[in-house]
Amino acid sequence: MSGHAPPDFVCLGESMVTFLPSRPGRLADVPSFARAIGGAESNVACALAAAGHRVRWVGRVGRDGFGHHLVETIGAYGVDVTAVGRDPHRPTGVYFRTADDRATEAHEVVYYRAGSAASAMSPATVPYGSVADGRVLHLTGITAALSADCLALVRELTAPRPGRPLVSFDVNHRPALWRDGTAPDVLLELARRADLVFVGADEAQTLWGLTDPTAIRAALPEPGVLVVKLGGEGAVAFERCAAAFPPETPAPDTVTTVPAPRVDVRAPVGAGDAFAAGFLSATLRGLGMTARLRHGHLMAAAALTVPGDVAVPPRRAHADRLAALDADAWGTLHLGPGWTGHDPEGSDRTGDDQEVRTP
């Protein structure tokens, strides 16, 4: 990726070193952990870079070994990391998690991120120019929860201003980070200021008591595109029509629903970030809404069929071929480990159709 060309995407947020358990079970019973990286925004950045886009990750790490590891690892995906701040006084955040699905009660996550370098991000420490020159700026609600300074930064970046890049916002509600009870109001405020919003129906129920996608859209009428994720069932997108309407008349939406393919899950993590990356990639390519949602599902399937949070995406031609299937063929699509044409451990397979089955 050229260091001089403006990026397609800028992703801002905290990345941490994550420790993955060597076996399922309670954290108290896991004997050892493998080191990896985690962070919603850097996950999206890595997936987009692997898909061939110019991407910059903006964050802040400690001037320590974990910080060096994060920057080197994210940079190895082809992400521009030149705008990452190095804090000599605060540490890089780390966390431990169990192997269970985040949606189950058995899932445990322990964060060691209070006072981290990333929590010191603010309008003063993150120059606006480092995030404003991309075509799309991707943010999440996680950053807003890290500190008052981080919330001030996200508010500044989502504020209307001339020349603002398209702002993508993933609600990404993490209850453990919102101890003060302000999450429902703050996340609703920030989402309503964005141009493109991702939210899970489960998140909307927890935050706002809403489960029906149409009701969620009524609570978030401002974004030009709202994507409501329905877990294994699929996703529905609301897109405001481009036709001009009087200011007092809300523009109607086009509504597109796409079911998720069947996936043999190897590790139930990273799917939401991967879905956002697939959808954003297809958006920047000018694809239609059905194709955008399908590319989101395909990128999520790539993450679900590998052990870690970030997967090598399917080759573009392969993904385009699957995204172009007719409705019946898409409805019977079944994806397993290796379906992307890459080995789950990172080496290339010889073919593109490993573990892709359509009865």
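It should be noted that the structure appears before, not after, this text.
Residues numbered from 1 in each chain as written. Predicted model: local features only at pLDDT ≥ 70, side-chain atom pairs only at ≥ 80, totals over all residues. Heavy atoms only, no water.

A. Here's a closer look at the sheet that holds strand β1 (residues 9–12). Spatially, eight strands are ordered β4-β1-β9-β10-β11-β12-β13-β14 in an open sheet, and the strand pairing comes out mixed. Whereas interior strands pair on both sides, the edge strands pair on one side only; in this sheet they are β4 (55–58) and β14 (253–259). Taken pair by pair, the neighbouring strands of this sheet meet at an average axis angle of 15°, ignoring direction. With four bridges connecting them, β1 and β4 associate as parallel partners. What sits directly across from F9, in β4, is V55. Contacts from helix α1 (residues 40–50) reach β1, β4 and β9 (136–140) within the one sheet, and its direction differs from that of β1 by about 155°. (Pairing = 2+ DSSP bridges. Helix = DSSP H or I, 4+ residues; strand = E, 2+ residues; numbered from the N terminus. Axes fitted to C-alpha atoms, helices over the stretch in contact; angles between N-to-C directions. Contact = heavy atoms within 4.5 Å.)

B. A look at the sheet that holds strand β3 (residues 33–38). Spatial strand order, β3-β2-β7-β8: four strands in an open sheet with mixed pairing. A strand with exactly one partner marks an edge of an open sheet, and here the two such strands are β3 and β8 (109–112). Strand after strand, the sheet turns through a mean of 25° between neighbouring axes, direction not considered. Across the face of the sheet, helix α2 (residues 65–76) comes into contact with β2 (16–21), β3 and β7 (94–97) while running at roughly 65° to β3.

C. Geometry of the pattern of salt bridges. For the structure on display, the rule yields 15 salt bridges. Note that E14 is salt-bridged to R113, the shortest N-O span being 2.9 Å. Of the two residues, E14 is situated in the loop between β1 and β2 and R113 in the loop between β8 and β9; the sequence distance between them amounts to 99 residues. Pair check on accessibility: E14 and R113 agree, each one buried. Within this structure, R56, D80 and D133 form a network of salt bridges that share partners. (Salt bridge = Lys/Arg side-chain N within 4 Å of Asp/Glu carboxyl O. Buried < 20%, exposed > 50% of the residue type's maximum accessible area, 1.4 Å probe, protein only.)

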